[in-house]
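Residue-level structural notes
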Amino acid sequence: MIELRFEETLYDGFAIDEAAKTFEPFATIDREREGGAFILRVTLAESAAADGHAEADVAAELANHALGKTIERRGAAP
Amino acid sequence: MQGARLELVRELYPLDAVYLAAYTSLDRAWVFLESSPAGVVATVRSKRDGVSDDAAAGQLGNEALAQAYRLHLARGGRRVIEAIATRAVAGAAGPPGLDELLDMEIGEATAFDDPLGIAMSWEEKYGKKPAKKGEEEP
């Protein structure tokens, strides 16, 4: 299990929700909000592990997706 | 997330510049942002074979610098852009038509305005000026 801690000041909550939903086929994702941060606990699905995906890569890709969506939602994207 | 850590100081790198730089790096690296007392810490992990995490973090830093400078220039040039846009819009409206001229309010205060000197006689405008005190006529 990998825990990702997204600070509210830097990440958009809707973007994180969207990212979590996008990656639900590949991982079990527990969500929590605590101390000014959105916390996602990512556990790789057996099917994704069987396909050769690494848990760290899936978690990092989820974080990238959340960041990209945050930037688009905040209007900073070029 | 493991990877190279890069601190981007708030005074030099506004958050928008960090976001823009991160956005352009998302296809080449995994980027995770955390706040720090001085600004933002980016943890960068390269996705490419042959490119180290440190090199990917360096590319992000370079891009952040370029974006910060671009934002600085955009802020500085905003007044010029606004002035040009205003003139363009005003010019596109064209000269006033007959209806606008008829609707113009001409009062005592504005009736005798003659900034181009059209109402002046030729002598007033181009005639020989009287000699100033202390100057002799040639």
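Analysis parameters
- Residues numbered from 1 in each chain as written.
- Chains lettered and ligands numbered in written order.
- Predicted model: local features only at pLDDT ≥ 70, side-chain atom pairs only at ≥ 80, totals over all residues.
- Heavy atoms only, no water.
- Helix = DSSP H or I, 4+ residues; strand = E, 2+ residues; numbered from the N terminus.
- Expected span 1.5 Å × (residues − 1).
- Buried < 20%, exposed > 50% of the residue type's maximum accessible area, 1.4 Å probe, protein only.
- Contact = heavy atoms within 4.5 Å.
- Patch = residues over 30% accessible without salt bridge, like charges linked within 9 Å, V, L, I, M, F, W, Y side chains within 5 Å.
- Areas by Shrake-Rupley, 256 points an atom, 1.4 Å probe, with all protein chains shown as cover.
- Salt bridge = Lys/Arg side-chain N within 4 Å of Asp/Glu carboxyl O.
- Buried area = accessible area lost by both parts, 1.4 Å probe.
- Polar contact = N/O pair within 3.5 Å; in protein donor to acceptor, adjacent residues only side chain to side chain.
- Nonpolar A, V, L, I, M, F, W, Y, C, P; charged D, E, K, R; others polar.
- Phe/Tyr/Trp six-rings, centres within 6.5 Å; stacked < 30°, edge-to-face > 60°.
- pLDDT = per-residue confidence, 0-100.

One turn of the α-helix equals 3.6 residues, which is why residues spaced by three or four share an orientation. All names here are of chain B. In a regular helix each residue adds 1.5 Å, so 24 residues correspond to 34 Å; helix α2 (residues 53-76) covers 35 Å between its end C-alpha atoms and thus fits that length. Ala56, Ala57, Leu60, Gly61, Ala64, Gln67, Ala68 and Leu71 are the residues of α2 that are buried. Summarising the contacts, the buried residues of α2 are in contact with β1 (4-9), α1 (15-25), β2 (29-36) and β3 (39-46).

Attention now moves to the environment of Asn64(A). Mapped onto the secondary structure, Asn64(A) falls in helix α3 (residues 55-73). It is 8.7 Å that separates the C-alpha atoms of Asn64(A) and Ala19(A), two residues lying 45 residues apart in sequence. Residues in contact with Asn64(A), not counting those within four places in the same chain, are Leu26(B), Ala29(B), Trp30(B), Val31(B) and Lys47(B).

Let us now look at α3(A). With 19 residues, α3(A) should reach 27 Å at 1.5 Å per residue; the first-to-last C-alpha distance of 27 Å fits that figure. Buried residues of α3(A): Val58(A), Ala59(A), Ala60(A), Leu62(A), Ala63(A), Asn64(A), Ala66(A), Leu67(A), Gly68(A), Thr70(A) and Ile71(A), and no others.

The subject of this paragraph is a nonpolar patch on the surface. All names here are of chain B. Taken together, the side chains of Leu98, Leu101, Leu102, Met104 and Ile106 present a nonpolar region at the surface, about 570 Å² in accessible area. In this structure, Leu101 sits in helix α4 (residues 98-103). Classification of Leu101 as partly exposed rests on a relative accessible area of 43%.

So, about the interface of chain A and chain B. Counting residues at the interface gives 22 residues for chain A, matched by 18 residues for chain B. Contact between chain A and chain B buries roughly 1,700 Å² in total, counting both sides, with carbon and sulfur atoms accounting for 62%. In this assembly, chain A and chain B are joined by two salt bridges. Among the salt bridges present, the one from Arg45(B) reaches Asp57(A), with a minimum N-O distance of 2.5 Å. Here chain A and chain B share eleven residue pairs in polar contact (both at pLDDT 80 or more) between them. Those elements giving two or more residues to the side of chain A that touches chain B turn out to be β1 (2-7) and α3 of chain A. Residue composition of the side of chain A that touches chain B, grouped by class: twelve nonpolar, four polar and six charged.

Moving on to the packing of aromatic side chains. Applying the stated criterion across every chain yields a total of five aromatic pairs over all chains. Aromatic side chains Phe6(A) and Phe32(B) sit 5.5 Å apart centroid to centroid with 55° between the ring planes, which places their arrangement in the tilted category. Remark: Phe32(B) occurs in strand β2 and Phe6(A) occurs in strand β1; the pair is interchain, linking two chains. Note on accessibility: Phe6(A) and Phe32(B) belong to one class, buried. Each member of the aromatic cluster is reached from another via a ring pair, and the members are Phe6(A), Tyr11(A) and Phe32(B).

Here we take up the confidence of the model for chain B. This prediction gives chain B a mean pLDDT of 86; 90% of its residues lie at or above 70. The secondary-structure element of chain B with the lowest mean pLDDT is helix α5 (residues 108-111) of chain B, recorded at 68, while β2(B) shows the highest, at 96.

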